[in-house]
Amino acid sequence: MNTRTPGALGAPGTAARWLRRFGWRHLVAVLAVCFALFPLLFVLSAALNPLGTLQSSTLVPEHASLANFTALFTNGQYPFARWLGNTALVCGSFAVLNVLLGICAAYGFSRFRFRGRRAGLVTVLLAQMFPQFLAVVALYLLFAEVGDVLPAIGLDTPWGLVLVYLGGAMGVNTWLMKGYLDTIPREIDEAAKVDGAGHAQIFFRLILPLAAPMLVVISILSLTAALNDVILANIFLTSNESKTVAVGLYGIISGQQDQNYGLFAAGALVTALPVIVVYQFLQRYLAQGLTAGSVKG
């Protein structure tokens, strides 16, 4: 007597069909996750490696310790805590000012009609096509002269570097925010004007809250761009005390990568933690549809 049930007979076929239709997708996803996590795991392993050299780094470190993290904040040759403060000042100021300049320009191009509006939009876009690095010599000479009159915004100062970054603030960001502002119904502005609101009240109390998702996106992009910049920051910040984290970590491994790789990896992990926290805090504002239902038919 055959005791096998129809479900048992069909189980192998069902599993095979599942593997053909869906299983390969899970396999690809697992491979992608492993590919993305491997560099992070290697950096974490190098940071926990007490020897601190590139040749001794392995995926699973032997005698793991926090010696590299301790050396970051105790080694007088590398003022890492000062670098973190400079980075927070530069990145935070640039993100806020970049968003403010971009949204003001986008609001003008989106809500007002004036002569030269289209030419201004095209000019802003064309100017963004030329990278700031092409003008690095002119910028260096300019800020060298400015520093003689206003030392606070000259060379080797965080505020001078922020001004250099802001030179390219109005560009793609203005176009992105203008496109988003165009999706906000103009009936909101008209209703506010009927109630006696001025342009400043409409801008700060109505437009900015409704444009929060795009503002968050631009601020995160600005923050990461300033955090990862090495070329301009390395040119304009020369003293060891005024460097940002990116420039300071580059100096740690420059010319002696094998000896200081553990310090570099530890510094990279410490620098990544605030960025992760900021993203986790702001990601709830990325939800779309904040303008849905704001205008009743």
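Reading guide: rules and limits
- Residues numbered from 1 in each chain as written.
- Predicted model: local features only at pLDDT ≥ 70, side-chain atom pairs only at ≥ 80, totals over all residues.
- Heavy atoms only, no water.
- Phe/Tyr/Trp six-rings, centres within 6.5 Å; stacked < 30°, edge-to-face > 60°.
- Helix = DSSP H or I, 4+ residues; strand = E, 2+ residues; numbered from the N terminus.
- Buried < 20%, exposed > 50% of the residue type's maximum accessible area, 1.4 Å probe, protein only.
- Core = buried A, V, L, I, M, F, W, Y, C linked by side-chain atoms within 4.5 Å.
- Salt bridge = Lys/Arg side-chain N within 4 Å of Asp/Glu carboxyl O.
- Arc of directions from axis to C-beta.
- Patch = residues over 30% accessible without salt bridge, like charges linked within 9 Å, V, L, I, M, F, W, Y side chains within 5 Å.
- Areas by Shrake-Rupley, 256 points an atom, 1.4 Å probe, with all protein chains shown as cover.
- Lys, Arg positive; Asp, Glu negative; His and termini not counted.
- Charge placed at Lys NZ, Arg CZ, Asp CG, Glu CD.
- Axes fitted to C-alpha atoms, helices over the stretch in contact; angles between N-to-C directions.
- Contact = heavy atoms within 4.5 Å.
- Nonpolar A, V, L, I, M, F, W, Y, C, P; charged D, E, K, R; others polar.
- Left-handed = near helix turned anticlockwise from the far one by under 90°.
- pLDDT = per-residue confidence, 0-100.

### Structural notes on the packing of aromatic side chains
Moving on, step 1. Scanning all chains against the criterion turns up 13 aromatic pairs.
Moving on, step 2. Judged by centre distance (6.5 Å) and plane angle (70 degrees), the rings of Phe 80 and Trp 83 are edge-to-face. Separated by three residues within a single helix, Phe 80 and Trp 83 lie in helix α3 (residues 80–111), roughly one turn from each other. Summarising the burial analysis for this pair, Phe 80 and Trp 83 share the class buried.
Moving on, step 3. Connected via pairs of aromatic rings, a cluster forms that spans Phe 38, Phe 42, Tyr 261 and Phe 264.

### Some points on the environment of Ala 88
Moving on, step 1. Relative to the helices and strands, Ala 88 resides in helix α3.
Moving on, step 2. For the pair Ala 88 and Pro 274, spaced 186 residues apart in sequence, the C-alpha to C-alpha distance is 9.5 Å.

### Overview of the nonpolar core
Moving on, step 1. Among the nonpolar cores identified, the biggest contains 20 residues, and Leu 161, Val 164, Tyr 165, Leu 232, Ala 233 and Phe 236 are the most heavily contacted of them.
Moving on, step 2. Secondary structure elements with two or more residues in this core: α3, α5 (136–149), α6 (158–166), α10 (212–228) and α11 (231–236).
Moving on, step 3. Ranked by residues supplied to this core, first place goes to α6 with five residues.
Moving on, step 4. Counting residues in hydrophobic clusters, the runner-up holds 18 residues, among them Ile 103, Ile 188, Ala 192 and Met 214.

### Regarding the pattern of salt bridges
Moving on, step 1. Under the counting rule described, the total for this entry stands at three salt bridges.
Moving on, step 2. For the salt bridge of Asp 189 with Arg 111, the shortest nitrogen-to-oxygen distance reads 2.8 Å. With a gap of 78 residues between them, Asp 189 in helix α8 (residues 186–194) and Arg 111 in helix α3 connect regions that are remote in the sequence. Note on accessibility: Asp 189 and Arg 111 belong to one class, buried.
Moving on, step 3. Two residues, Lys 178 and Asp 182, come together in a salt bridge whose shortest N-O distance is 2.8 Å. Residue Lys 178 and its partner Asp 182 are located together in helix α7 (residues 172–182), separated by four residues, close to a single helical turn.
Moving on, step 4. Its relative accessible area of 11% is what places Lys 178 among the buried residues.

### Quick look at helix α2 (residues 67–74)
Moving on, step 1. Restricting attention to buried positions, one finds in α2 the residues Asn 68, Phe 69 and Leu 72. Looking straight down α2, one finds its buried side chains confined to an arc of 105 degrees; they lie on one side.

### Structural notes on a positive patch on the surface
Moving on, step 1. On the surface, Arg 17, Arg 20, Arg 21 and Arg 25 cluster together into a positively charged patch.
Moving on, step 2. Relative to the helices and strands, Arg 17 is located in helix α1 (residues 6–48).
Moving on, step 3. Look at Arg 17 and you get partly exposed, because its relative accessible area is 44%.

### Observations concerning the packing of α3 against helix α12 (residues 245–253)
When two helices pack together, you describe them by how their axes are tilted relative to each other and by the distance separating the axes.
Moving on, step 1. At a minimum axis distance of 8 Å, the contact between α3 and α12 shows a crossing angle of 145 degrees. Residues Phe 80, Trp 83, Leu 84 and Thr 87 of α3 touch α12, and the partners they reach there are Val 245, Gly 248, Leu 249 and Ile 252.
Moving on, step 2. Its residues assigned to classes, the contact of α3 with α12 comprises six nonpolar, two polar and no charged.

### So, the packing of α3 against α6
Moving on, step 1. Between α3 and α6, the shortest axis-to-axis distance is 9 Å and the interhelical angle comes to 35 degrees. In this structure, α3 crosses over α6, and the sense of that crossing is right-handed. Packed against α3, whose contacting residues are Leu 89, Val 90, Ser 93, Phe 94, Leu 97, Asn 98 and Leu 101, the element α6 presents Pro 158, Trp 159, Leu 161, Val 162, Tyr 165 and Leu 166 at the interface.

### Quick word on the confidence of the model for the protein
Moving on, step 1. Predicted confidence across the protein gives a mean pLDDT of 81, with 87% of residues reaching 70 or more.
Moving on, step 2. Low confidence marks residues 1–10, where pLDDT is under 50. Its contacts with residues over four positions away, or in another chain, come to one contact.

### Some words on a nonpolar patch on the surface
Moving on, step 1. The grouping of Val 33, Leu 37, Leu 40, Leu 41 and Leu 44 at the surface amounts to a nonpolar patch, some 420 Å² of accessible area in total.
Moving on, step 2. Take Leu 44: it is sitting in helix α1.
Moving on, step 3. Accessibility expressed as a relative area gives 37% for Leu 44, which makes it partly exposed.

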